[in-house]
Amino acid sequence: MSQKLKVGIVGGTGMVGQRFVQLLDQHPWFEVTAIAASAGSAGKTYVESVQNRWKLDTPIPEAVKNIVVQDASKVEEVASGVDFVFCAVDMPKKEIQALEEAYAKTGTPVVSNNSAHRWTPDVPMVIPEINPDHLEVIEAQRKRLGTTTGFIAVKPNCSIQSYVPALHALREFNPTTVVASTYQAISGAGKNFTDWPDMLDNVIPYIGGEEEKSEQEPLRIWGSVENGEVVKASSPHITTQCIRVPVTDGHLATVFVKFDNKPSKEDILARWSEFQGRPQELGLPSAPKQFITYFEEENRPQTKLDRDIEKGMGVSVGRLREDSLYDFKFVGLSHNTLRGAAGGAVLIAELLKAEGYIQAK
Ligand SMILES: NC(=O)c1ccc[n+]([C@@H]2O[C@H](COP(=O)([O-])OP(=O)(O)OC[C@H]3O[C@@H](n4cnc5c(N)ncnc54)[C@H](OP(=O)(O)O)[C@@H]3O)[C@@H](O)[C@H]2O)c1
């Protein structure tokens, strides 16, 4: 009998759901045993449901092809076949909040890709290398939900992963002001060039809601757990512009930063190359060996060349130099659907298992 934890993917037919299916194929700890989606997909096999809309360049894994898609709203039924679920659904915020809480209340941990619970005070929003300590808030959440095993944990927005890791490694120098402009891939909108031909030869200077998330979510990541709630940090002051650019995958950011204690360029490069987080210490299966990679070449990182570094789970930086208005400027890059979406959520689940929060039922 398999020793792997049984996992369900709620929203498994969608773009992020397909990434979960891809990443979990042959995963050493987790095995997909259930896939759920809207009532329209329920009852079909997974292959029937996605064959005309499979968006990835690897084939649909054999192990999931014949799984019969379940109706995600039949919570007890889906939850009874799994130890925990990933969730990535396109529904109104209140409905997602209710759906995720319903799964958690059955005693089933929910690792969510959705933004619905990112500001629920007792729900941890985690980048495993940065704030694994926020998992301690789960105890308070379990009390509120009336369960000893279920809970919800979420990942932050994909945009922030292109600059927050690099800034985090420099927190000892107290960054006070950050200006970040993000150049974001079309897969972040769940699209490719066939779905969105207007993006060819084009740049769109607006992504709804993205700038607020990009400015506020880092403060929650850098916040602290107090009395069963995550309290956001009060600094640095972050301002952003988020721009949609014609690339398939990969969010690139240009970043300006001012510090209280200005480091030297050598200090910064050393902190980036030395940075290790809890996933590296624990040797989690999806953890990049080198979380932050600095490129010396002046024309790197490039979205197309460098987004897949460390299987899309690493972060690239380059072009570090002093600035005439700020202390330093640099460029950052991360893969939005791997580190920024499904891969980031799988890493959270691995951390939750390693820390004892997710177990076989
Ligand atoms: N795309 C990205 O890069 C990205 C990055 C970060 C976060 N996200 C977030 O991840 C979530 C999913 O995004 P996506 O791009 O994967 O969306 P998507 O491709 O539109 O897929 C949506 C999924 O939700 C399911 N769904 C829709 N209505 C439902 C309902 N009433 N009940 C149950 N399931 C329902 C769909 O099932 P059917 O196939 O049956 O319709 C499908 O599985 C969203 O919250 C999005 O904001 C996306």
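Residues numbered from 1 in each chain as written. Predicted model: local features only at pLDDT ≥ 70, side-chain atom pairs only at ≥ 80, totals over all residues. Heavy atoms only, no water.

As named in an unreviewed UniProt entry, the protein chain is Aspartate-semialdehyde dehydrogenase, taken from Paenibacillus catalpae. What UniProt states about the protein chain under its Sequence similarities (unreviewed entry) heading is, verbatim, "Belongs to the aspartate-semialdehyde dehydrogenase family." (UniProt positions renumbered as here; feature names shortened; annotations may be inferred.)

Draft legend 1. Up close: the sheet that holds strand β12 (residues 292-295). Read from one edge of the open sheet, six strands run β10-β7-β11-β14-β13-β12, paired in mixed fashion. Each end of this open sheet is capped by a strand with a single partner; those strands are β10 (237-244) and β12. Strand-to-strand, the axes of this sheet are offset by a mean angle of 20 degrees, without reference to chain direction. Alignment of strand β7 (residues 175-184) against β10, held across eight bridges, turns out to be parallel. Of the residues in β10, the one forming a bridge with tyrosine 183 is isoleucine 243. Across the sheet, helix α8 (residues 210-221) lies against β7 and β10, angled at about 145 degrees from β10, the strand it touches most. Here helix α9 (residues 265-274) sits on the sheet in contact with β12, β13 (315-322) and β14 (328-334), set at roughly 175 degrees to β13. (Pairing = 2+ DSSP bridges. Helix = DSSP H or I, 4+ residues; strand = E, 2+ residues; numbered from the N terminus. Axes fitted to C-alpha atoms, helices over the stretch in contact; angles between N-to-C directions. Contact = heavy atoms within 4.5 Å.)

Draft legend 2. A look at the pairing of β13. Across four bridges, β12 lies against β13 in parallel orientation. If you follow tyrosine 294 over to β13, its bridge partner there is valine 317. With five bridges joining them, β13 and β14 adopt antiparallel strand pairing. Bridge pairing in β14 places serine 316 opposite leucine 333.

Draft legend 3. Looking closely at the site of the ligand. Residues in contact with the ligand amount to 21 residues; listed here are only the nearest, Thr13, Val16, Ser38, Ser41 and Arg53. Between the ligand and threonine 13, the relevant distance is 2.6 Å, taken from an oxygen atom to a side-chain nitrogen or oxygen of the residue. Glycine 14 has a polar backbone atom sitting 3.1 Å from an oxygen atom of the ligand. Considering the ligand on its own, with 910 Å² of exposed area, one finds that the protein chains cover 75% of that surface. Of the residues belonging to the shell around the ligand, the class tally is eight nonpolar, 11 polar and two charged. Formed jointly, the shell around the ligand draws a minimum of three residues from each of two domains, domain 1 (5-157 + 342-354) and domain 2 (159-334). (Near = heavy atom within 4 Å. Polar contact = N/O pair within 3.5 Å; in protein donor to acceptor, adjacent residues only side chain to side chain. Areas by Shrake-Rupley, 256 points an atom, 1.4 Å probe, with all protein chains shown as cover. Nonpolar A, V, L, I, M, F, W, Y, C, P; charged D, E, K, R; others polar. Domains from an automatic or database assignment.)

Draft legend 4. Spatial organisation of the UniProt feature "active site" (unreviewed entry) in the protein chain. The feature "active site" (unreviewed entry), as annotated in UniProt, sits at Cys158 and His251 in this numbering. Spatially, the listed residues are clustered: although they cover 94 residues, their C-alpha atoms lie within 7.8 Å of one another. Contacts of cysteine 158, omitting those with residues within four sequence positions, involve Glu210, His251, Ser334, Asn336 and Gly340. The residue histidine 251 is located in strand β11 (residues 251-259) in this model.

Draft legend 5. How the structure looks around the environment of tyrosine 46. Tracing the backbone shows tyrosine 46 in helix α2 (residues 46-50). What makes tyrosine 46 buried here is its relative accessible area of 0%. Spatially, the C-alpha atoms of tyrosine 46 and lysine 94 are 27 Å apart, while their sequence positions differ by 48 residues. (Buried < 20%, exposed > 50% of the residue type's maximum accessible area, 1.4 Å probe, protein only.)

Draft legend 6. Summary view of unusual backbone geometry. The linkage connecting serine 235 with the following residue, proline 236, adopts the cis geometry, with an omega of 5 degrees. The residue proline 236 is located in the loop between β9 (229-231) and β10 in this model. Arginine 300 connects to proline 301 through a cis peptide bond whose omega is 0 degrees. Relative to the assigned elements, proline 301 resides in the loop between β12 and α11 (303-306). With phi around 70 degrees, glutamine 26 is a residue other than glycine that occupies positive phi space. Residue class for glutamine 26 comes out exposed when judged on its relative accessible area of 67%. Even without glycine at this site, lysine 311 takes up a positive phi of about 55 degrees. As for its position among the elements, lysine 311 is in the loop between α11 and β13.

Draft legend 7. Spatial organisation of the nonpolar core. With 52 residues, the main nonpolar core has Val10, Tyr103, Tyr163, Trp272 and Phe330 as its most contacted residues. Viewed by domain, this core spans two of them, domain 1 (5-157 + 342-354) and domain 2 (159-334), each represented by three or more residues. Discounting residues that sit within four places of it in the chain, tyrosine 103 has contacts with Val10, Ala72, Val75, Val78, Ala79, Val85, Thr108 and Val110. Core analysis: the second largest hydrophobic core is formed by 39 residues, Leu5, Phe30, Val126 and Leu135 among them. (Core = buried A, V, L, I, M, F, W, Y, C linked by side-chain atoms within 4.5 Å.)

Draft legend 8. Structural view of the UniProt feature "domain: Semialdehyde dehydrogenase NAD-binding" (unreviewed entry) in the protein chain. The residues that UniProt annotates with the feature "domain: Semialdehyde dehydrogenase NAD-binding" (unreviewed entry) are residues 6-138. Across residues 6-138 one finds 29% helix and 17% strand; the C-alpha atoms that close the span lie 21 Å apart.

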